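Listed below are the residues making up each chain.
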Amino acid sequence: MNYSLLLQHYDLLLIGAELTVVMTVGSVTLGVILGTVLGLMRLSAYRPVRWLAGLYLQIFRGTPMLLQICFLYFALPQIFGPTIWSNPFLPDAALAGIVALGLNSGAYIAEIIRSGIQGVDVGQTEAARALGLSHFQTMELVVMPQAFRRVIPPLCNEFIVLLKDTSLVSAIGAKELMYQARAMGAKYYEYFVFMVGAAIVYFCLTFVLTRVSGYIERRLAVSD
Amino acid sequence: MIKVSGLHKHFGANHVLKGIDLEVPQGAVYCIIGPSGSGKSTLLRCMNLLERPDKGHVFIDGKDITAAGHDVDLLRTEAGMVFQRFNLFPHMTVLGNVTLAPVKVRKIPKKDAEKQAYEVLRRVGLEEKALAYPRQLSGGQQQRVAIARALVMKPKLFLFDEPTSALDPELVGEVLDVMKDMAKEGATMVVVTHEMQFAGEVADEVVFMDEGAIVEMGPPGVMFSRPENPRTKAFLDRIL
């Protein structure tokens, strides 16, 4: 095994890692926005709204992530045209991957948000309403700030899952970390070396995320 | 001040309030007693529309608050409510708890709201705890903050839902003292309680409820010494 290849080509792994991070940040952002909307929809007083959000969750949690990625990248252009993923910022496959991961994680984050809100004692809502606060004010000023503390740990967990799941986007040719490792492994027929190299980079990234989430959790525990 | 007429409330198949009529005049203290599940709390919660009655009306100052077309959020400020479990907002200081509604509902400038908050905190004897968080306070102190939070809105009447039931026995007195002061100062109060001594001292009328109806009511002297209804008598015998 020729480990010096790693030193020779570590820049390619880092370029891959960069795209991995970009895709993670992009899909996390999309997932949190979508998940918050879906989570609130799940708690709506209107049955059709709840039902719609429930249907979304069923679909995205009930089908494989890899299928969703491929569906967006290969199937959608057959309907909406081959250039739908063209954009000035990112490779087409990376953008399709971000959207797919964001749509998927939105379903999981919705459940985190919903349980976070439901975990806030109903007495808090009653006290706020009894003081004359509107439904919206009650959510904004009383329920959401308390729900926020509860959802931070599971959200951090979801981010870590998402970071690792970006590797699936290599299947549609986004040149992120996993793709680079496979490409280099194939080029030199030295899979072992490059897989180990990629694993180390993934591990470092998740390790940092774990530490950050642990820190936030402790901070929140202090002020609780 | 507040008048309830023909009030009915169901929870599913459970008929919780079966036609309640009650009128509390200005400045009066009414204590509602009765076994658990008798509908006392539900009646109280209907008085500020935390529960929507299925039938019947609630009038505050002659205004039918159960009629359609009112701003319910605004109506709720007419009646200050104190809960069994305090329900202070844990992520805000005492001052934050007390100023939230004046600032957000009454739109009073923050500075003025804080001045008023300190005034009501002084009334409940907790001025020096203004910057503490609820978790740093004892149960009795938390409930006094909850009372201050209601007081600061200057509501027309106060609704107390078993305000001392969640407290350790040695902390009950400080909360009842604050309530007695309020009564002395002429506040209109409806109190669901198991504190018979408090009811005896402070109440103008004691209302006995059982199975979703008012069985009997009268001044505490009469109710506690010679109740007419055998159910009232049986209940009082059990707890006095």
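Heads up: the structure comes first, above all this text.
Notes on the structure in this doc start here.

Moving on to the state of the cysteines. Residue and element names in this part refer to chain B. Enumeration over the complete set of coordinates arrives at zero disulfides over all chains. With no disulfide of its own, Cys31 lies 19 Å from the sulfur of Cys46, the closest cysteine sulfur. Overall, the relative accessible area of 0% leaves Cys31 in the buried class.

Time to look at the environment of Leu131(A). Inspection of the secondary structure assignment puts Leu131(A) in the loop between helix H5 (122-130) and helix H6 (135-165). With a relative accessible area of 8%, Leu131(A) lands in the buried category. A C-alpha to C-alpha distance of 46 Å links Leu131(A) and Lys164(A), two positions 33 residues apart in sequence. Aside from chain neighbours lying at most four places away, what touches Leu131(A) is Thr77(B), Phe89(B), Ala101(B), Val105(B), Arg149(B) and Met153(B).

On to the sheet that holds strand S4 (residues 55-60) of chain B. All names here are of chain B. Strand order in the open sheet formed by four strands is S2-S1-S4-S5, and the pairing between neighbours is antiparallel. On the outer flanks of this sheet lie strand S2 (14-24) and strand S5 (63-64), each paired with one strand and no other. One ladder, built from two bridges, connects S4 with S5; its direction is antiparallel. Bridge pairing in S5 links Phe59 to Asp64.

Another aspect to go through is the interface of chain A and chain B. How big an interface is tends to be stated in terms of accessible area lost as the parts join. Taken together, the contact between chain A and chain B spans 21 residues of the former and 23 residues of the latter. Carbon and sulfur atoms supply 60% of the area that chain A and chain B bury against each other, a total of about 1,800 Å² over both sides. Interface area lost by chain A to chain B is led by Glu126(A), Ala130(A) and Leu131(A), which between them contribute 31%. At the junction of chain A and chain B, the tally comes to two salt bridges. Across the pair Glu126(A) and Arg45(B) runs a salt bridge, and its minimum N-O distance is 2.6 Å. In this structure, the connection of chain A to chain B is made through six residue pairs in polar contact (both at pLDDT 80 or more). For the side of chain A that touches chain B, the secondary-structure elements that each account for two or more residues are H5 and H6 of chain A. Broken down by element, the side of chain A that touches chain B gets its largest block of residues, seven residues, from H5(A).

This brings us to empty space enclosed by the protein. In this structure the tally under the stated criterion is one cavity of 30 Å³ or more. What the largest cavity holds in volume is close to 100 Å³. When contributions to the lining of the largest cavity are tallied by element, the ones reaching two or more residues are H5 of chain A together with strand S6 (79-82) and helix H5 (139-151) of chain B. Residue classes in the lining of the largest cavity are distributed as ten nonpolar, two polar and two charged.

Looking now at the packing of aromatic side chains. Geometry of an aromatic ring pair is reported as the spacing of the ring centres plus the angle between the planes. Within the structure shown, the criterion is met by seven aromatic pairs over all chains. Ring centres of Tyr73(A) and Phe74(A) lie 5.1 Å apart, and the angle between their planes is 65°; this geometry places the pair in the edge-to-face category. Given a relative accessible area of 22%, Tyr73(A) falls into the partly exposed group. Given a relative accessible area of 45%, Phe74(A) falls into the partly exposed group. Seen in terms of ring centroids, Phe158(B) and Phe160(B) are 6.5 Å apart; in terms of plane orientation they differ by 35°. Their pairing is tilted. When sorted by exposure, Phe158(B) lands in the same class as Phe160(B), which is buried. A cation over a ring is seen here: Arg61(A) above Tyr108(A), with NZ or CZ 6.0 Å from the ring centre.

Turning our eyes to something else, we now look at the pairing of S2(B). Residue and element names in this part refer to chain B. The sheet contact formed by strand S1 (residues 2-11) and S2 spans eight bridges and is antiparallel. Across the sheet, residue Val4 finds its bridge partner in S2, namely Leu22. Hairpin geometry of S1 and S2 is characterised by an intervening segment of two residues between the two adjacent antiparallel strands and by a positive phi of about 60° at Gly12.

Under the counting rule described, the total for this entry stands at 15 salt bridges over all chains. Salt-bridge contacts for Lys156(B) lead to Asp61(B); the nearest nitrogen and oxygen are separated by 3.3 Å. Separated by 95 residues along the polypeptide, Lys156(B) in the loop between H5 and strand S7 (157-161) and Asp61(B) in the loop between S4 and S5 bring together distant segments of the chain. Take Asp61(B): its relative accessible area is 46%, and that puts it in the partly exposed class. A single network of salt bridges, built from pairs that share partners, joins Arg42(A), Glu111(A) and Arg114(A).

All names here are of chain B. Tracing the backbone through its elements, the reader meets Glu211 in the loop between strand S9 (205-210) and strand S10 (213-218). Relative accessible area serves as the criterion here: at 53%, Glu211 is assigned to the exposed category. Setting aside residues no more than four positions away along its own chain, Glu211 makes contact with Lys18, Ser38 and Arg231.

Before going further, it helps to spend a moment on unusual backbone geometry. All names here are of chain B. Although it is not a glycine, Asn87 adopts a positive phi angle of roughly 55°. With respect to the element layout, Asn87 can be found in the loop between S6 and helix H3 (94-104). The buried category is assigned to Asn87, whose relative accessible area is 7%. The backbone of Lys154 shows a phi angle near 45°, a positive value even though the residue is not glycine. Tracing the backbone shows Lys154 in the loop between H5 and S7.

One water molecule sets the probe size; rolling that probe over the atoms shows where empty space is left. Estimates place the volume of the largest pocket at around 480 Å³. Around the largest pocket, the lining comprises 19 residues; the ones closest to its centre are Leu43(A), Ile117(A), Thr125(A), His135(A) and Met139(A). Mapped by element, the contributors of at least two residues to the lining of the largest pocket are helix H4 (92-118), H5 and H6 of chain A. Partitioning the lining of the largest pocket into residue classes produces eleven nonpolar, five polar and three charged. Of the volumes computed, that of the second largest pocket is approximately 230 Å³. Lining the second largest pocket we find twelve residues, and of these Gln124(A), Leu88(B), Pro90(B), Pro134(B) and Gln142(B) sit closest to its centre. Taken together, the residues that form the lining of the second largest pocket break down as four nonpolar, four polar and four charged.

Thresholds, definitions, all that
Residues numbered from 1 in each chain as written. Chains lettered and ligands numbered in written order. Predicted model: local features only at pLDDT ≥ 70, side-chain atom pairs only at ≥ 80, totals over all residues. Heavy atoms only, no water. Disulfide = S-S within 2.5 Å. Buried < 20%, exposed > 50% of the residue type's maximum accessible area, 1.4 Å probe, protein only. Helix = DSSP H or I, 4+ residues; strand = E, 2+ residues; numbered from the N terminus. Contact = heavy atoms within 4.5 Å. Pairing = 2+ DSSP bridges. Buried area = accessible area lost by both parts, 1.4 Å probe. Salt bridge = Lys/Arg side-chain N within 4 Å of Asp/Glu carboxyl O. Polar contact = N/O pair within 3.5 Å; in protein donor to acceptor, adjacent residues only side chain to side chain. 1 Å grid on protein atoms, 1.4 Å probe; cavity = no way out; pocket = protein on both sides within 12 Å on 5 of 7 lines; lining within 4 Å. Points joined across faces, edges and corners; volume = space filled by probe spheres on them. Nonpolar A, V, L, I, M, F, W, Y, C, P; charged D, E, K, R; others polar. Phe/Tyr/Trp six-rings, centres within 6.5 Å; stacked < 30°, edge-to-face > 60°. Lys NZ or Arg CZ within 6 Å of the ring centre and 35° of its normal.

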